[in-house]
Amino acid sequence: VQQIYLQVTKKMEEYEAQKYRQWRERAEHVIPLLLKDTLLTLVTDEAATNVNPETSEQSSATDEPVSVRKSVGFALNFSPEIQEIITEAKYMEQLG
């Protein structure tokens, strides 16, 4: 019985080591690619309207001039995969 227990234990440790190696290789390959992306991306929203600049009233589609209003903002470009790898690393560390 003890011999079977030791064999099972050895197989489980080998399996654990194999899974860790696979995870580490994947993480080492994926993380540099994900970290090359910029963290913030510029988001612009353009809305073209026909507005008379003197009266600030909207005019018909045939009247001139057309003014363009731009709204500029930023969006977070943080891949959820990075957070997943960070969480997995934390759990791997807890396992030892």
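The structure presented is a predicted model; accordingly, all values stated were derived computationally and were not measured.

A. Region of the structure containing the environment of Ala-27. Among the secondary structure elements, Ala-27 is positioned in helix H1 (residues 2–35). Expressed as a C-alpha distance, the spacing of Ala-27 and Glu-81, which sit 54 residues apart in the sequence, is 9.8 Å. Residues within four places of Ala-27 in sequence aside, it is in contact with Pro-32 and Ile-85.

B. Looking closely at the confidence of the model for the chain. Chain-level statistics for the chain give a pLDDT mean of 81 and a share of 75% at 70 or above. By mean pLDDT, strand E1 (residues 40–50) is the weakest element of the chain at 70, and H1 is the strongest at 94.

C. Up close: the nonpolar core. One finds Trp-23, Ala-27, Val-30, Leu-34, Ile-82 and Ile-85 forming the largest nonpolar core, which totals 6 residues. Contributions of two or more residues to this core are made by H1 and helix H2 (80–95). The element that contributes the greatest number of residues to this core is H1, accounting for 4 residues. Excluding its chain neighbours within four sequence positions, the residues that come into contact with Val-30 are Glu-81 and Ile-85.

D. Focus on the packing of aromatic side chains. The final tally for this structure, using the stated rule, is 1 aromatic pair. The interplanar angle of 35 degrees and the centroid separation of 6.1 Å between the aromatic rings of Tyr-20 and Trp-23 together place this pair among those described as tilted. Taken together, the positions of Tyr-20 and Trp-23, both in helix H1 and 3 residues apart, correspond to about one turn of that helix. For Tyr-20, a relative accessible area of 35% gives the class partly exposed. Residue classification places Trp-23 among the buried positions, given a relative accessible area of 17%.

E. Broad picture of the pattern of salt bridges. The tally for this structure, following the rule as stated, stands at 2 salt bridges. Where Arg-26 meets Glu-81, a salt bridge forms, and the shortest distance between an N and an O atom there is 2.9 Å. Taken together, the positions of Arg-26 in helix H1 and Glu-81 in helix H2 put the pair 55 residues apart, joining distant regions of the chain. For Glu-81, a relative accessible area of 28% translates into the label partly exposed.

Reading guide: rules and limits
Residues numbered from 1 in each chain as written. Predicted model: local features only at pLDDT ≥ 70, side-chain atom pairs only at ≥ 80, totals over all residues. Heavy atoms only, no water. Helix = DSSP H or I, 4+ residues; strand = E, 2+ residues; numbered from the N terminus. Contact = heavy atoms within 4.5 Å. pLDDT = per-residue confidence, 0-100. Core = buried A, V, L, I, M, F, W, Y, C linked by side-chain atoms within 4.5 Å. Buried < 20%, exposed > 50% of the residue type's maximum accessible area, 1.4 Å probe, protein only. Phe/Tyr/Trp six-rings, centres within 6.5 Å; stacked < 30°, edge-to-face > 60°. Salt bridge = Lys/Arg side-chain N within 4 Å of Asp/Glu carboxyl O.

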